[in-house]
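# Summary of structural features
Now for the letters of each chain:
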Amino acid sequence: MIEVVRPGPLATVQDLGRPGHAHLGVPRSGAADERGLRLANRLVGNPEGAAGVEFTFGGAALRFHEHAWIAVTGAPVPLCVNGRECGTNAPCHVPEGALVEFGTPSSGLRSYLAVRGGVEAEQVLGSRSTDLLSGLGPAPLSSGDRLALGSSAGLVDIAVDFAPTPPLAETPVLRILPGPRDDWFTEDAMATLTSASYEVSPDSNRVGVRLNGPALTRARDGELGSEGMVTGSLQVPPNGLPIIFLADHPTTGGYPVVAVLESSAVNDAAQLRPGQHLRFRT
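Residues numbered from 1 in each chain as written. Predicted model: local features only at pLDDT ≥ 70, side-chain atom pairs only at ≥ 80, totals over all residues. Heavy atoms only, no water.

Let us look at the nonpolar core. Ranked by internal contacts, the top residues of the largest apolar core, which has 29 residues, are F64, F102 and L113. When residues in this core are grouped by element, the largest group, three residues, is from strand 5 (residues 68–74). In this structure L113 touches G52, V53, F55, L62, I70, A71, V72 and F102, once residues within four positions along its chain are discounted. The next biggest cluster of nonpolar side chains, apart from the first, holds 26 residues, and it includes L174, W184, L216 and F280. (Core = buried A, V, L, I, M, F, W, Y, C linked by side-chain atoms within 4.5 Å. Buried < 20%, exposed > 50% of the residue type's maximum accessible area, 1.4 Å probe, protein only. Helix = DSSP H or I, 4+ residues; strand = E, 2+ residues; numbered from the N terminus. Contact = heavy atoms within 4.5 Å.)

As structure tokens, this is what we get:
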């Protein structure tokens, strides 16, 4: 068992989500930065889709009531086991009874904890992920919660000492493709989007990253009927300021989508923190 001593600003159980249910109005959810969770699981010999914990802006502390192997990836966060500093992006042994503490990440927003054997939360529609929009899955973690661990029987041996990852960019450049409703905007809207700097709003969350910056001008009035939305969509409400849809986004929406992030850029978008600047490129 793992006991949550303090969860930090937001800690949730996440795996790779529940795809295939959008027709029922259920978003995929799952880790906002899939790349981070997949790497953490590989480092401890888990299947890439095993459930772990997603921490938003660190600040957590966990008590391990049995010894375990862990790995922490994603936003680079100071990590201590019983007061001893440990590295991230590498397997780390945690003795029975140890306190594992997470500091504040130096860059990025979301860090991922994988434990050998995986976290054994109840499955809903085939996933253990917390979905903040629909309320499916386990509730966000609170002090005093206890997490059960799965068995490590049959897992591959831990064979990697360290998996270096490139540093998170101070001003990320996110690659985009034209969206299905780019014709709802003036001809210079895409030029504005790809030449200006945008700032991440404090109102952002796992549903979407709200942006402040130059507004995109519509070429036509009116509103769309609701239509399907994918992760990485740049939906533009009437104020003209794009919203990047993340893991817990709604499955449909009525505002036009001017562009869609390339799949690899979604992981970078998940690490954007409030006040950070970013740019888009085609």
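Our next topic: the sheet that holds strand 17 (residues 243–245). Pairing is mixed in the closed barrel, where seven strands are placed in the order 12-19-16-17-14-13-20. For this sheet, the mean angle separating the axes of adjacent strands, direction not counted, is 40°. Across two bridges, the pairing between strand 13 (residues 198–200) and strand 20 (residues 277–281) is antiparallel. Each residue of the ladder has a partner; that of Y198, found in strand 20, is L278. (Pairing = 2+ DSSP bridges. Axes fitted to C-alpha atoms, helices over the stretch in contact; angles between N-to-C directions.)

If you trace the backbone, R110 turns up in strand 10 (residues 110–115). With 57 residues separating them in the primary sequence, R110 and P167 have C-alpha atoms 14 Å apart. Dropping the residues within four chain positions of it, R110 is found in contact with A32, E54, F55, T56, T73, G74, A75, N205, R206, L246, A270 and Q271.

Accessible area lost when the parts come together is the quantity often used to give the size of an interface. Assigned domains within the chain: domain 1 (2–149) and domain 2 (173–281). When each unit is reduced to the centre of its C-alpha atoms, the spacing between domain 1 and domain 2 is 28 Å. Domain 1 puts 28 residues into the contact, and the matching count from domain 2 is 17 residues. Both sides of the domain 1 and domain 2 interface together cover about 1,600 Å² of buried area, and 47% of this is carbon and sulfur. For the domain 1 face of the interface with domain 2, the top three residues by lost area are R35, R110 and L133, together amounting to 32%. Scanning the region where domain 1 abuts domain 2 turns up two salt bridges. R35 is the salt-bridge partner of D268, the closest N and O atoms lying 2.8 Å from each other. Inspection of the domain 1/domain 2 interface yields 16 residue pairs in polar contact (both at pLDDT 80 or more). Those elements giving two or more residues to the side of domain 1 that touches domain 2 turn out to be helix 1 (34–43) and strand 10. For the side of domain 1 that touches domain 2, the residue count by class is 12 nonpolar, nine polar and seven charged. (Domains from an automatic or database assignment. Buried area = accessible area lost by both parts, 1.4 Å probe. Salt bridge = Lys/Arg side-chain N within 4 Å of Asp/Glu carboxyl O. Polar contact = N/O pair within 3.5 Å; in protein donor to acceptor, adjacent residues only side chain to side chain. Nonpolar A, V, L, I, M, F, W, Y, C, P; charged D, E, K, R; others polar.)

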